[in-house]
Amino acid sequence: MKIGIIGKKQCGKSTIYGALTGLDISDMYEKKIYFHSVDVYDKRVSKLSEIYHAKRDVYNKLVFYDFPGYDTNNSELKSMDGYIIVIGDHHSCEESPIKQLEDIFSDLYLNDLTILQKRHDIITRGKKKSDFPLEAKIITELLTLLEEEKNVYNEFKDEEKIKFVKGFQLFSIKPIFVIVNNDENKNFQPENTFGFPIFEIMGEIEREVTLLPMEEQKEYLEMMGIEIPLIKKFASGLYKYLNLITFFSCSEKEIKAWQLKKGQTIYEAAGAIHTDIMHGFVRANIVNADDILKYKSEKLARENNCYHLENKEYTTQDGDIVDIRFQKK
Ligand SMILES: Nc1nc2c(ncn2[C@@H]2O[C@H](COP(=O)(O)OP(=O)(O)OP(=O)(O)O)[C@@H](O)[C@H]2O)c(=O)[nH]1
Ligand SMILES: [Mg+2]
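Cut-offs applied
Residues numbered from 1 in each chain as written. Chains lettered and ligands numbered in written order. Predicted model: local features only at pLDDT ≥ 70, side-chain atom pairs only at ≥ 80, totals over all residues. Near = placed C-beta within 6 Å. Helix = DSSP H or I, 4+ residues; strand = E, 2+ residues; numbered from the N terminus. Pairing = 2+ DSSP bridges. Axes fitted to C-alpha atoms, helices over the stretch in contact; angles between N-to-C directions. Contact = placed C-beta atoms within 7 Å. Parallel < 35°, antiparallel > 145°, perpendicular 65-115°, else oblique. Left-handed = near helix turned anticlockwise from the far one by under 90°. Nonpolar A, V, L, I, M, F, W, Y, C, P; charged D, E, K, R; others polar. Expected span 1.5 Å × (residues − 1). Buried ≥ 20, exposed ≤ 12 C-beta atoms within 10 Å, placed from the backbone.

Caption draft 1: Fine view of the site of ligand 1. The environment of ligand 1 is formed by 17 residues, the closest being Gly12, Lys13, Ser14, Thr15 and Ser92. If you list the elements that add at least two residues to the shell around ligand 1, you get α1 (13-21) and α9 (203-210). Here the shell around ligand 1 takes 3 residues from α1, the largest share from any one element.

Encoded structure:
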C-alpha cells in the first residue's frame, strides 16, 4: 500500500517520513530515497516462525512517499492508495495549523470537484446526454458529498460505485490521515468534524528516536512520555480505519502475513495470494494463529480439534493460518 506524505512547505513532511521509516533524512536527497517500504510489525509472525521452523518472515508492507508539497497535478501523487497530511505546529511553519488544514483539504476537494463536474457536464448535456444514466447518478452523489465537505472515503464505500470513478484518480475517495506535527510545548487540537484519523505527535523527537540503537529507543520514548512509536500507532490506526485483518500462510519456507478487508471470504483470501489458487479453489484447511501459539505445536492443535475445513463462503478471520487446496487449471 502506497501512502503519500503531503503538506505545506517546511511543515515537517520529511521529518515525519523519517519518523515513519527510520531513515536518516539528512542526506536523503543525495541518495534519492524519497520512498521507502516499511514492514507492518505483527508479533505473531516471529512466534509462528519458531514453531514452524521457517526460514523467512514476510510482513505486510506500507510504502511511504515524501512529496515536496502537494501538487494535485502530479501523476505519482495521484497514484497513491492513501495520504498523510502533515500539519506543522512549530516555529518553521508560518501559517496557523487550521489554515494549513483548510487550504490542503480545499485544494484536494477542488481538484476532485473540477474533474467530476467536467465529466458530469459531458454525460448530461449535448450528444451523449442520457447515455450514462447510472454514472451521472453516481457522480451527482459524489459531487454532493464534496460540496458538503464530507469525508468521502467514509461515505462512499460501495465497490460497484467506486468502479465508475476509479479512472479519475480522485483524492477524496482514498483514506486520508492527518498528522499534527507539534512542537514540545504546543498543543493544537483540530476539531475532527470530518472523522479523519488524526495523530498528534512530536515529529522531531520521534524522528530522532528512530536513529538510536534499538535497546535505547524504548527508554528514550518513555522519558519523553511517548507510549507507542509513530509507525506502530499509524499502522494500527490504518488497519482499524480501513477495516483490515491479517491472515497467514505458514510453511518451513516462510511465514507470510497477508492483508484482507474484514468480512472477506476465504475465496478472496485465495485471490490475494494468487489468482490461480482462487480459480482452482477446492477447499481450505484453517487454524487460527492463537491456537497454534497456545499449543505451541501443529500436532497438539490438531489433537485439540483446532483445524477446520472450509469452502469458498467461509469468512476469513483475523489470525487465520490458511492452507488452500486447489486444482491447477
Ligand atoms: N521544533 C520543531 N521543529 C520541527 C519539527 N518538525 C520539523 N521541524 C523543523 O522544521 C524544518 C522543516 O522540516 P522538514 O521535515 O524538512 O519539513 P518539510 O515539510 O519536509 O519541508 P520542505 O520539504 O522543504 O517543504 C526543519 O528545520 C525541521 O528541523 C518539530 O516537530 N518541532
Ligand atoms: Mg521535505
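Caption draft 2: Layout of the sheet that holds strand β1 (residues 2-7). Sheet architecture is open: 6 strands sit in the order β2-β4-β1-β5-β6-β7, paired in mixed fashion. Since the sheet does not close on itself, it has two edges, and those belong to β2 (35-40) and β7 (198-201), each with one partner. Put simply, the sheet's adjacent strands are angled 25° from each other on average, direction ignored. In this sheet, strand β4 (residues 60-66) lies alongside β2 in antiparallel orientation, the contact comprising 6 bridges. Opposite Val40, over in β4, you have Asn60 as the bridge partner. Along the sheet face, helix α11 (residues 230-241) touches β2, β4 and β7 and points at about 170° away from the line of β7.

Caption draft 3: The packing of α1 against α9, seen in detail. Closest axis-to-axis distance for the α1/α9 pair is 8 Å, and the angle between their directions is 40°. Looking at the two axes, α1 sits oblique to α9. As α1 packs across α9, the resulting crossing turns out to be left-handed. Contact residues: Thr15, Ile16, Gly18 and Ala19 in α1; Gly203, Glu204, Glu206, Arg207 and Thr210 in α9. Residue composition of the contact of α1 with α9, by class: 2 nonpolar, 4 polar and 3 charged.

Caption draft 4: Region of the structure containing helix α5 (residues 97-124). Over its 28 residues, α5 extends 40 Å from the first C-alpha to the last, a length consistent with the 40 Å expected when each residue adds 1.5 Å. Buried within α5 we find Pro97, Gln100, Leu101, Ile104, Leu108, Asn111, Asp112 and Leu116. Taken together, the buried residues of α5 touch β1, β5 (82-89), α6 (133-147) and β6 (176-182).

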